[in-house]
There are 2 protein chains.
Amino acid sequence: MTRNVTIKDIARAADVSISTVSRTLNGSSAVAGDKRARVLAAAQELGYEPNAAAQGLVRGRSMTIGVLTQDIASPFYNEVSRGIDAGFAGSGYQPIFVNGHWEIQDESAAITALTRRQVDGLIILGGRLTDQALRDLAARFPLALVGRRVPGLEPMCLSIDNVQGAFLATTHLIQLGHRRIGHLTGVPSQRDAVDRLEGYRLALADAGLAFDPRLVFEGDFNETAGILAVEHWLGQGVGLSAIFAANDQMAYGARLGLYRRGIRVPDDISLMGFDDLPASQFTLPPLTSVHQPLFEMGQQAASAVLHQLLTPDEPLPHPDLPLTLSVRESVRYARP
Amino acid sequence: MTRNVTIKDIARAADVSISTVSRTLNGSSAVAGDKRARVLAAAQELGYEPNAAAQGLVRGRSMTIGVLTQDIASPFYNEVSRGIDAGFAGSGYQPIFVNGHWEIQDESAAITALTRRQVDGLIILGGRLTDQALRDLAARFPLALVGRRVPGLEPMCLSIDNVQGAFLATTHLIQLGHRRIGHLTGVPSQRDAVDRLEGYRLALADAGLAFDPRLVFEGDFNETAGILAVEHWLGQGVGLSAIFAANDQMAYGARLGLYRRGIRVPDDISLMGFDDLPASQFTLPPLTSVHQPLFEMGQQAASAVLHQLLTPDEPLPHPDLPLTLSVRESVRYARP
DNA sequence: CTGTTAGCGCATTCAA
DNA sequence: TTGAATGCGCTAACAG
């Protein structure tokens, strides 16, 4: 753990002033050829690495973007993160990720840690921070939000229309003849869960189908909830020909629950997910799901932050996130 | 984006010197009650947040740990990341994550970005950096390595014995009567892939079974490789009663490939994975797999770094990572 | 107990 | 073109 080499060391080695070192290293103004060469050689020789903290301190910019992710373990956020990485590639800004764990205290702590670190912008994935807290943040930093829609911050929200997505999914099932469709909800305190339930109800109403509360099971976005839902429905003798889970992970659980009962998918019961995680292409059978363009959401979040950073005066364009259904093999016509 | 408030602002507001502000905020030495109160009030009032860059600059420590992860999208690394988070909780150190994407240039760039940011320690998950590069890093920073074994750095390597793990898996299959066991390898340039193949061979030899190269298919750790392997073996008429995939993701792909061919698991063919990803509890059927204690590996990596940071003179204890098989439903006795 | 001062490493202004 | 000097925000001696 030897002391880091600084521009002072280079200056001494190259026999110039530290200003000359700084200038040649940054190309901020012309430097005589020979000195320039000596500085470069010395820097190379000594293995110089600029101290980002010092640079940030004097420049007032850290060239880093803080990304608050909820759970590095969730496949959902992972795809988004990849998009964010891609979106900042070559921009000179570096995204750093910290976890909020879906706990409001952890999230606040993480945001604080990030702002203390003088990040130049912020991307927040989901989370429990209030809309107002987010608006306050937006006033202080270039910001982008993934998976949330905050009134007043629309152009920086990268989120599909969850109501619309659930409507699409449910309608797809209805069009295939399904009349009794179970819905497995997400955590009711999360807006997207509520919206998906809403889309389910709207689709039923739109098709003239009555809403039956027994067909709704409150889940928590994890696989286990899918197993419990199936146990519940089948145990109670609730008849249904299709299940629409508010996310893919719960659909996986439901699939296992059905398997345990000897019920085939899609022969006996159709199964619909939401998110279209990469893994859903490889489940048995491959899962039909509402596609969220997660990678693109991350990429566009990066673009939005970059836009605010580089051209703060130009209006932020509205994001464009298409809503599609990935039709695979877990859904089929309802038996007559 | 108003200017940040600094201790100077607080000093002015509380009518004390900046040192008094610094002292009360850090509790580094006693301060008179009334001044203390005024400072605290002013800090609260103005919404003061210390500038971590400035603190780091003067203290020489940034209180952050850099974590190089390969692919935020991989379920493997995600579990480890959660463990790392847990391991640093309450320590005062904050882990920040950056991605290397399994590209040696990206990895070097990420490490550089991290070191420029003056991280106090480093955790590296997998990756393509050479053993020597890692040893050099270890000489400069408190370091921990997950999923690799570097000669000379044993106590800071959090990795199970891959040879042993594959031996265990293959032996399990052999004991259940399987004689023709296909092995689906990982990327041959990755050490763990090579080790797992080695363990497979050793188990065969140990049981007096001949090694048949036609039973080995070179994969790449992704689902698609599993599908290709099944296509290959079945297309070539290579007979086998069990498949041992070098990771769970390939096992998922193989499972789908078998399903496409109408082959049941485990009735017709047994399937064994490696890693025991959380999702493997919910596949159809739930997958038998070599368990890697990913969360614990992350946690112990954090502990190892903390140990080097806090008690640099004490020897680093050797990590303790038990090797177990998660026996589920994808493997059964071979038919006589 | 408290204020003044000297840097941490760097970019940048100001003279030369 | 160059070096000396200044200050980014903060902590840690150093004198009181």
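Keep in mind that this is a model prediction, so the values were computed, not measured. For every chain, the first residue of its written sequence is number 1, and the numbers climb from 1 along that sequence. Here the convention is simple: chains get letters from A, ligands get numbers from 1, in the order in which they are written. Local features in a predicted model are, by the rule used here, given only for residues with pLDDT of at least 70; side-chain atom pairs are given and counted only at 80 or more, and totals for whole chains, interfaces and linings are based on all residues. Processing note: side-chain calculations cover all non-hydrogen atoms of the structure and skip hydrogens and water entirely.

Asker: Can you walk me through the pairing of strand β10 (residues 288-291) of chain A in this structure?
Answerer: It is a general feature of regular strands that their side chains alternate between the two faces of the sheet. All names here are of chain A. The rule for pairing is simple: two strands pair if DSSP sees at least two bridges between them. Secondary structure is summarised from DSSP: a helix means a run of H or I of at least four residues, a strand means a run of E of at least two, and numbering begins at the N terminus for each. As paired strands, strand β9 (residues 270-275) and β10 are joined by four bridges and run parallel to one another. Counterpart to Phe 274 in the pairing with β10 is Val 290. Bridge analysis of β10 against strand β11 (residues 324-326) gives three bridges, and the strand direction is antiparallel. Across the sheet, the residue bridging to Ser 289 is Ser 326, located in β11.

Asker: Looking at this structure, how should I read the protein's contact with DNA strand D?
Answerer: Of all residues adjacent to DNA strand D, which total 26 residues, the nearest are Thr20(A), Arg23(A), Ala32(A), Ile7(B) and Tyr48(B). Those atoms of DNA strand D that come within 4 Å of the protein belong to sugar or phosphate at a rate of 66%. With respect to DNA strand D, the backbone of Ala32(A) contributes an N or O atom lying 2.7 Å from a phosphate oxygen. At 3.5 Å from a phosphate oxygen of DNA strand D is found a side-chain nitrogen or oxygen belonging to Lys35(A). Within the residue set of the surface near DNA strand D, elements represented by two or more residues are α2 (18-26) and α4 (52-59) of chain A together with α1 (7-14), α2 (18-26) and α4 (52-59) of chain B. When residues of the surface near DNA strand D are assigned to their parent elements, the largest contribution, five residues, is made by α2(B). For each residue, the test is whether any non-hydrogen atom lies within 4 Å of the molecule or strand; if one does, the residue is near. The definition of a polar contact used here is a pair of N or O atoms within 3.5 Å, where within protein one atom must be able to donate a hydrogen and the other to accept one, and adjacent residues in sequence count solely through side-chain atom pairs.

Asker: Got a minute to help me understand the interface of chain A and chain B in this structure?
Answerer: How large an interface is tends to be reported as the accessible area lost when its parts come together. Whether two residues are in contact is decided by their heavy atoms: any pair within 4.5 Å suffices. The partner chain B presents 50 residues to the 50 residues of chain A that form the contact. Each reported salt bridge corresponds to a side-chain nitrogen of Lys or Arg within 4 Å of a carboxyl oxygen of Asp or Glu. Our enumeration of links across chain A and chain B arrives at four salt bridges. Notably, a salt bridge pairs Glu49(A) with Arg116(B), separated by 2.7 Å at the nearest N-O pair. Looking at the side of chain A that touches chain B, the elements that each hand over two or more residues are α4, α5 (75-88), β2 (94-99), α6 (104-116), α7 (131-140), α10 (223-236) and α11 (248-260) of chain A. For the side of chain A that touches chain B, the leading source of residues is β2(A), giving six residues. The residue inventory of the side of chain A that touches chain B, partitioned by class, reads 24 nonpolar, 14 polar and 12 charged. Just so you know the grouping, Ala, Val, Leu, Ile, Met, Phe, Trp, Tyr, Cys and Pro go in nonpolar, Asp, Glu, Lys and Arg go in charged, and all remaining residues, Gly too, go in polar.

Asker: Sorry if this is basic, but what is going on with the pattern of salt bridges here?
Answerer: A side chain of one charge can pair with a side chain of the opposite charge when the charged atoms of the two come close. Residue and element names in this part refer to chain B. Tallied over the entire structure, the rule returns 30 salt bridges over all chains. A salt bridge links Arg 180 to Asp 212, with the shortest nitrogen-to-oxygen separation between them at 3.2 Å. Taken together, the residues Arg 180 in the loop between α8 (162-175) and β6 (181-185) and Asp 212 in the loop between α9 (191-206) and β7 (216-218) connect sequence positions 32 residues apart. Three exposure classes are used, based on accessible area relative to the maximum for each residue type with a 1.4 Å probe and protein chains only: buried under 20%, partly exposed in between, and exposed over 50%. Given the relative accessible area of 31%, Arg 180 is considered partly exposed. On the basis of relative accessibility, which here comes to 13%, the residue Asp 212 falls in the buried class.

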